[in-house]
Amino acid sequence: MAHILPPPPKTDGIKLEAHQVLLRPLVTEKGVHRASRNNQYAFQIHRDATKLDVKAAVEELFDVKVKKVRTQNRKGKLRRYRFRYGRTSDWKKAIVQLHEEHRIDFF
């Protein structure tokens, strides 16, 4: 019986720099709560960025050790301007959990 190999990892030729992966930190009430209790931080990230890209970017830019990365694709919302309807852009969010001894201070 033939042995089936897993597909090779996706490489579409795009290599993002660390400052291109993380677009901005998401500072919300829920995010501040997560940061203080669970040592988790939220970022808006580039749509093509992977979990490995996010981990490398956070470790390089903030000089911390990342434990776990979770990502979400967020759909744009329907918005109204006068008599017309439109949509906001879709975006991608990452929640990064750091090791216990590391912190990021946004304030």
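Residues numbered from 1 in each chain as written. Predicted model: local features only at pLDDT ≥ 70, side-chain atom pairs only at ≥ 80, totals over all residues. Heavy atoms only, no water.

## Structural notes on the overall build of the chain
We apply this condition: Only DSSP runs of H or I with at least four residues qualify as helices, and only runs of E with at least two residues qualify as strands; both kinds are numbered from the N terminus onward. Burial classes: relative accessible area under 20% of the type maximum marks a residue as buried, over 50% as exposed, and values in between as partly exposed (1.4 Å probe, protein chains only). In this analysis, two residues are considered to be in contact whenever any of their non-hydrogen atoms come within 4.5 Å of each other. Accessible surface area values rest on a Shrake-Rupley calculation with a 1.4 Å probe, where residue burial reflects the displayed protein chains alone.
In terms of regular secondary structure, the chain is built from 3 helices and 6 strands. Along the chain direction, N to C, the helices and strands of the chain fall in the order α-β-α-β-α-β-β-β-β. Across the 107 residues in the chain, those meeting the buried criterion constitute 28%. Considering only contacts within the chain whose residues lie at least 6 apart along the sequence, 62% involve residues at least 24 apart. Put simply, the chain shows about 8800 Å² of open surface, and 52% of that area lies on carbon and sulfur atoms.

## A word on the sheet that holds strand β2 (residues 40–45)
Selection criterion: Strand pairing requires that DSSP identify at least two bridges connecting the strands. In this analysis an axis means a line fitted to C-alpha atoms, helices contributing only their contacting stretch, and an angle means the value between N-to-C directions, from 0 to 180 degrees.
Reading across the sheet, the 4 strands line up as β1-β2-β6-β3 and stay open at both edges, with antiparallel pairing between neighbours. Edge positions in the sheet fall to β1 (22–25) and β3 (66–74), since each has one partner strand and no second. Each strand of the sheet is rotated relative to its neighbour by a mean of 30°, with strand direction disregarded. Helix α3 (residues 51–62) rests against β1, β2, β3 and β6 (91–98) of the sheet, and its axis sits at about 125° to β3.

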